[in-house]
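Letter by letter, the chains look like this.
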Amino acid sequence: MDSVFEAYLGPDGMLAGAVAGAVGEPDDIPKVNTDVWVLGKRYNAIQELELIRRDIQSRLWCTYRRGFVPLGAPQLTTDKGWGCMLRCGQMVLAQALIDLHLGREWFWTPEIRDGTYLKIVNRFEDSRKSYFSIHQIALMGDSEDKKVGQWFGPNTVAQVLKKLVRYDDWCSLVIHVAMDNTIVTDDIYSLCLENPSNDDTWKPLLLIIPLRLGLSDINPIYIPALKICFELAGSCGMIGGRPNQALYFVGYVDDEVLYLDPHTTQRSGSVGQKTSQDEVDFDATFHQRYAGRIGFQQMDPSMAMCFLCKSRLSFEVLLDNLRTQVLPACKQPLLEITKSRSAEWVSTSSGIESNFTTLNTAGLVNYNAAATTTSTTASNAASSDATNSNTPRTTIAKTIATSARATGATAGAVAAIEIYKNRFNRTISSCDSEDFENVNHLHTSSLTRNGCDADSEADSDDDFEIIS
């Protein structure tokens, strides 16, 4: 796998696409008179090339690292080969924090020592003391049934970040993950407004919308809508990639999407307060001047769109833009917007208490009903789904429904099961792509400690309490 990553990396880890065909001038942005969109800002590809590169360079570039404090039971000292989606999650959260605390017009320079910027970048250093380090994300992944060293999908990393931000009061951010490609506005108002009658009590929101826009390939009917999403104010890009390779998408030019690539392995270290040359040099490793680009149709169909809403007004402007610009851009709706949750999971039969609980994105279901046989069959089917990822969810639902009818379960209970079957038979799903989740990544048992810096043993972080 390492050879796969190295094959498209040029000298010093630079993207091969950025240096192809050029000695001194990277081919990151096509030299044509066209618009380039980067996180809600429009540029001209020829006249504003340096501004585009400066904007790209001002994003936090999170990549594989080596030599960090041993992580988890496998005692991993590098995330090379398994941490790319975790790094993409770091990048989108870092972008939200930069936009929230420094503004969209802020630009990074090697000399900058702004205290707010340093607070942000320190949070993503590879130390157990850092709120959003690879250590914290990987360890919190255990709550999503992801062991240390196991690959994440877009939805999984979104759920982990949602939990981690609760522990950081300074970031002043809440995360909402819109499951089933549906934005439920009541849920968001409940999360963000401490006082519904006072808009000033709004907590800044990072809205993450996991999507599945095809089976093995992205459906081209959604591409126009995706382009518009990059143009909207508050865009924090998209977590996604191409099959087997996670990427952080930040904009587009014509029919190509621009991205930052985490598949470069760099040393671990600390930015600190940038008081030493080593800290200044290490800060530079968080910034990449040249974006990569691939065609939209090369994107993996499993992705997550991300938007920052600093105020209630900005959230409602986003909703209006989604309704009036994004949704009309494709024949099939990219997502849904609704005021409240659907009551489809509530059984209408009296005397029967049914409870369907979605345990995770693999589609595990616990069906508690009066009919003992039905309950047992559902439990066995769900267990089978957990151990055999190739079992179609619709097949499991059919098994449960058939047993329900055979055992005399009420029509309401059977109807609820049919809804479950139909729900997971949708073309678009918020579940993580099988291309992302079932790829042949290195297992933790085969990962070895490598690239460990000599001084890593001294940084034991013994005084840190692991978040769990």
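Residues numbered from 1 in each chain as written. Predicted model: local features only at pLDDT ≥ 70, side-chain atom pairs only at ≥ 80, totals over all residues. Heavy atoms only, no water.

Asks: Please set out the overall build of the protein residue by residue, giving values where relevant.
Replies: When helices and strands are tallied, the protein shows 15 helices and 16 strands. Each of the 468 residues in the protein was classed as buried or not, and the buried ones make up 55%. At a minimum sequence separation of 6, the contacts of the protein that also span at least 24 residues come to 70%. With the model as given, the accessible surface of the protein reaches about 19500 Å², and the carbon-plus-sulfur share is 48%. (Helix = DSSP H or I, 4+ residues; strand = E, 2+ residues; numbered from the N terminus. Buried < 20%, exposed > 50% of the residue type's maximum accessible area, 1.4 Å probe, protein only. Contact = heavy atoms within 4.5 Å. Areas by Shrake-Rupley, 256 points an atom, 1.4 Å probe, with all protein chains shown as cover.)

Asks: An account of the pattern of salt bridges is needed here, citing residue identities and associated values.
Replies: Counted according to the given criterion, the structure contains 23 salt bridges. Across the pair Arg-42 and Asp-35 runs a salt bridge whose closest N-O atoms are separated by 3.9 Å. Relative accessible area serves as the criterion here: at 36%, Asp-35 is assigned to the partly exposed category. Arg-293 is the partner of Glu-256 in a salt bridge, and the nearest nitrogen-oxygen pair spans 2.6 Å. Of this pair, Glu-256 sits in strand E10 (residues 256-260) while Arg-293 sits in strand E12 (residues 292-295), placing them 37 residues apart in sequence. Exposure remark for Glu-256: the relative accessible area of 25% places this residue in the partly exposed category. Members of the salt-bridge network, linked through shared partners, are Asp-28, Glu-50, Arg-53 and Arg-289. (Salt bridge = Lys/Arg side-chain N within 4 Å of Asp/Glu carboxyl O.)

Asks: Can you lay out helix H7 (residues 154-164) for me, pointing to particular residues and giving the numbers?
Replies: Judged by how many residues are buried, H7 sits mostly within the fold: nine of eleven residues are covered. Looking only at H7, the buried set comprises Pro-154, Asn-155, Thr-156, Val-157, Ala-158, Gln-159, Val-160, Leu-161 and Leu-164.

Asks: Account for unusual backbone geometry, naming residues and giving values.
Replies: Within the chain, Leu-39 stands out as a residue other than glycine whose phi angle is a positive 45°. Topologically, Leu-39 is positioned in the loop between strand E1 (35-38) and strand E2 (41-44). Judged by its relative accessible area of 2%, Leu-39 falls in the buried class. In this structure, Lys-274 is a non-glycine residue whose phi angle is positive, near 60°. Relative to the assigned elements, Lys-274 resides in the loop between strand E11 (266-267) and helix H10 (277-284). With relative accessibility at 0%, the residue Lys-274 sits in the buried group.

Asks: Requested: an account of the nonpolar core, with residues and values cited.
Replies: Counting residues in each nonpolar core, the largest one holds 73 residues, and the members touching the most others are Val-36, Leu-93, Leu-173 and Leu-206. If you tally residues by element for this core, the top one is helix H4 (residues 84-101), at twelve residues. Apart from residues lying up to four places away in sequence, Leu-206 is in contact with Leu-93, Ala-96, Leu-173, Val-174, Ile-175, His-176, Cys-236, Cys-306 and Phe-307. Core analysis: the next-biggest nonpolar cluster, separate from the first, contains 44 residues, Leu-205, Leu-211, Ile-223 and Leu-318 among them. (Core = buried A, V, L, I, M, F, W, Y, C linked by side-chain atoms within 4.5 Å.)

Asks: Tell me about helix H5 (residues 115-122), residues and numbers included.
Replies: Taken together, the buried positions of H5 are occupied by Tyr-117, Leu-118, Ile-120 and Val-121. Down the axis of H5, the buried set is contained in an arc of 160°. They therefore lie on one face. One side-chain oxygen of the residue at the start of H5 lies 2.9 Å from the amide nitrogen of Thr-116, identifying that residue as Asp-114. (Arc of directions from axis to C-beta. Polar contact = N/O pair within 3.5 Å; in protein donor to acceptor, adjacent residues only side chain to side chain.)

Take it as geometry only, folks, not as evidence of what the structure does.
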